[in-house]
Amino acid sequence: MFGSSEEGARPARLDRDRGLVEAARRDPACFDALYRKYLAQVYSYAFYELRDHHAAEDATERVFMQALTGLPRFEERADSFIRAGGVGGAAVEIPVDASTFRVWLFRIARNVVANERRRDRRRPAAPLEHASGLAAADDTFESAAAREAGSAAWQAVARLPEDRRRAVVLRFVDEMSTAEIAEVLGRSEGAVRVLLHRALRSVAADLRERLS
Amino acid sequence: MLGGASRDARRTERYLDGLMEAEERGAAAAPMDLDLDPAVLLAARELRAGLVRVHPSFRFEEGLAARLAQTAGEARRARNEQAAPAAASSIAPFRAPGVAAAGDGVAAPAGLAVVGEGVAAPAGLAAMRDSFAAPAAPRRLSLAARPSRPLVVGGVGVASAAISIGAVYVAWRWSRASQSPMVRAVRAGRSGRTYASGHGRRAAVLHGILGVMP
């Protein structure tokens, strides 16, 4: 059972991916189900962080390879995490539909992306909007407007400090809860809440400037 | 007591939870929170609409799936190879009387399958090992490779003969009259002949029990 949150203790819950993880541990060929389930999420995280399709693909491949080879050790780590009561001793709670596997997978992704950025620091990163900003031939007004809004949103997010941007991507793209983000980033829930709140204020100021 | 920043952050979190839940439900309108800064609400809605999840190309997805399957196969093979020696050493070959080996043109018993060199294993284990073994395992039970059970049988026979010979020798030694006077005296003493006539062995025993010296 995970530790109680600041709002009080809730009952223990099971990992929603427990069955898939157990099957993959019995037979590694069953890892394919977990791969298909989380491919887009991991790839999106890597893409928003690295801003390059090829780099994101490389990072995604490393993440899943590491997850596959490290899967036998996954439960042990989860148990030790549970006993420790959260990252760094901070009280952390997982929501109802939580997946400790997803948290574990994104911790791998965070490390892989960080290594990738360190390794390729000299390589200039192309802005994300350059990759997705080209209009298709059958582009409708709505999709073009949506793409424009997405581009503006991303430009605002891209200007955020690294930790705020990471929290925003995990929250809005990967749809993680505050507790899950806290585990992935190794922060307390309170710190993640404040990160997100400040990120939204920064984005709001950026959008206001853009509109004016 | 929560500070102002923490209180606002918690309110923002509740709003974001509501925003995502409304989207999951397919609700037309996003939730409102009048206590929150309208600019923050607008930014949250913009980010929710603009930051979309991207999917890699189909080619990359399938290529990575194939590489993962290959790695998974190698891991499974390695795991089975680790388990195989233990299984091979624990299963003894058994050949039912009257049933010839596979190489003799007679089928093996239904519950057994010939695996590797002269090792019979249950059919389930054999099928699992066959599925992961790269070359097909030879299905011929070599007579030369069979364990040397005749040696064990012969050893038992030799031991039995040695015990029999020893017993015959002891019987012969007891029945044979000795030429030595000392040996004859000892045997006479044991047989009770040193006692007076009429007492015999029974009297010697009674004397021994009562502690009476003759």
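Note that the coordinates shown come from a computational prediction; the quantities given were computed from them, not determined experimentally.

Each side of the interface is counted separately: chain B has 36 residues, and chain A has 46 residues. Overall, the association of chain B and chain A removes approximately 4,000 Å² of surface from exposure, summing both partners, and the carbon and sulfur fraction of that is 65%. Among the residues of chain B in contact with chain A, Leu47, Leu51 and Arg53 of chain B are the three that bury the most area, contributing 17% of the side total. Taken together, chain B and chain A are joined by seven salt bridges. With its nearest N and O atoms 3.2 Å apart, the salt bridge here joins aspartate 27 of chain A to arginine 76 of chain B. Within the residue set of the side of chain B that touches chain A, elements represented by two or more residues are α1 (4-25), α2 (38-50) and α3 (58-90) of chain B. At twelve residues, the largest contribution of residues to the side of chain B that touches chain A is made by α3 of chain B.

Once that is clear, we can look at the confidence of the model for chain A. All names here are of chain A. Of all residues in chain A, 67% attain a pLDDT of 70 or more, and the chain-wide mean is 76. Within the model, the stretch residues 1-13 combines pLDDT values under 50 with 29 contacts to residues more than four positions away or in other chains. The low-confidence segment residues 133-139 (pLDDT under 50) makes five contacts with residues lying over four places distant or belonging to another chain.

All names here are of chain A. One non-glycine residue with positive phi stands out, namely arginine 51, at about 60°. Relative to the assigned elements, arginine 51 resides in the loop between α2 (31-50) and α3 (53-70). Even without a glycine there, the phi angle at glutamate 175 is positive, about 55°. By the element assignment, glutamate 175 lies in the loop between α8 (162-173) and α9 (178-185).

What follows concerns the nonpolar core. With 74 residues, the main nonpolar core has Phe31, Phe64, Phe101 and Val168 of chain A together with Leu47 and Leu51 of chain B as its most contacted residues. Here the element with the most residues in this core is α2 of chain A; it accounts for twelve residues. No fewer than three residues from each of domain 1 (1-126) and domain 2 (127-212) of chain A sit in this core.

Let us now look at the confidence of the model for chain B. Residues and elements named next belong to chain B. Per-residue confidence for chain B averages 68 on the pLDDT scale, and 50% of its residues sit at or above 70. Ranking the elements of chain B by mean pLDDT puts strand β1 (residues 112-115) last, at 41, and α2 first, at 86. Within the model, pLDDT remains below 50 along residues 100-145, and this stretch shows 48 contacts once partners closer than five positions in the same chain are excluded. If you check the scores for this complex, the pTM reads 0.57 and the ipTM reads 0.72.

Applying the stated criterion across every chain yields a total of twelve aromatic pairs over all chains. Arranged with centres 5.8 Å apart and planes meeting at 85°, the rings of phenylalanine 74 of chain A and phenylalanine 101 of chain A form a pair that is edge-to-face. With a gap of 27 residues between them, phenylalanine 74 of chain A in helix α4 (residues 74-84) and phenylalanine 101 of chain A in helix α5 (residues 100-119) connect regions that are remote in the sequence. Look at phenylalanine 74 of chain A and you get buried, because its relative accessible area is 6%. Feature note: the residues Tyr43, Phe47, Tyr48 and Trp154 of chain A together with Phe60 of chain B constitute an aromatic cluster, connected by ring pairs.

Rules used in this analysis
- Sequence order as written defines the numbering, with residues in each chain counted from 1.
- The order in which chains are written sets their letters, starting at A; the order in which ligands are written sets their numbers, starting at 1.
- It should be noted that, the model being predicted, local features are given only for residues of pLDDT at least 70 and side-chain atom pairs only at 80 or more, the latter also being counted only at that level, while totals for whole chains, interfaces and linings use all residues.
- Excluded from the side-chain calculations are hydrogens and water; all other atoms, namely the structure's heavy atoms, are used.
- By the convention used here, residues are in contact when the closest approach between their heavy atoms is within 4.5 Å.
- Buried area: the accessible surface (1.4 Å probe) lost by two parts on joining, summed over both.
- Criterion for a salt bridge: a side-chain nitrogen of Lys or Arg within 4 Å of a carboxyl oxygen of Asp or Glu.
- Going along the chain from the N terminus, every DSSP run of H or I of four or more residues is numbered as a helix, and every run of E of two or more is numbered as a strand.
- Per-residue confidence from the predictor is given as pLDDT, running between 0 and 100.
- Put simply, a nonpolar core is a bunch of buried Ala, Val, Leu, Ile, Met, Phe, Trp, Tyr and Cys residues held in one set by side-chain atoms that sit within 4.5 Å of each other.
- We call a residue buried when its accessible area falls under 20% of the maximum for its residue type, exposed when it is over 50%, and partly exposed in between, using a 1.4 Å probe and counting protein chains only.
- Per the annotation, domain bounds derive from an automatic or database assignment of domains.
- Aromatic rings from Phe, Tyr and Trp, taking only the six-membered ring of Trp, are treated as a pair when their centres fall within 6.5 Å; an angle between ring planes under 30 degrees marks them as stacked, one over 60 as edge-to-face, and anything in between as tilted.

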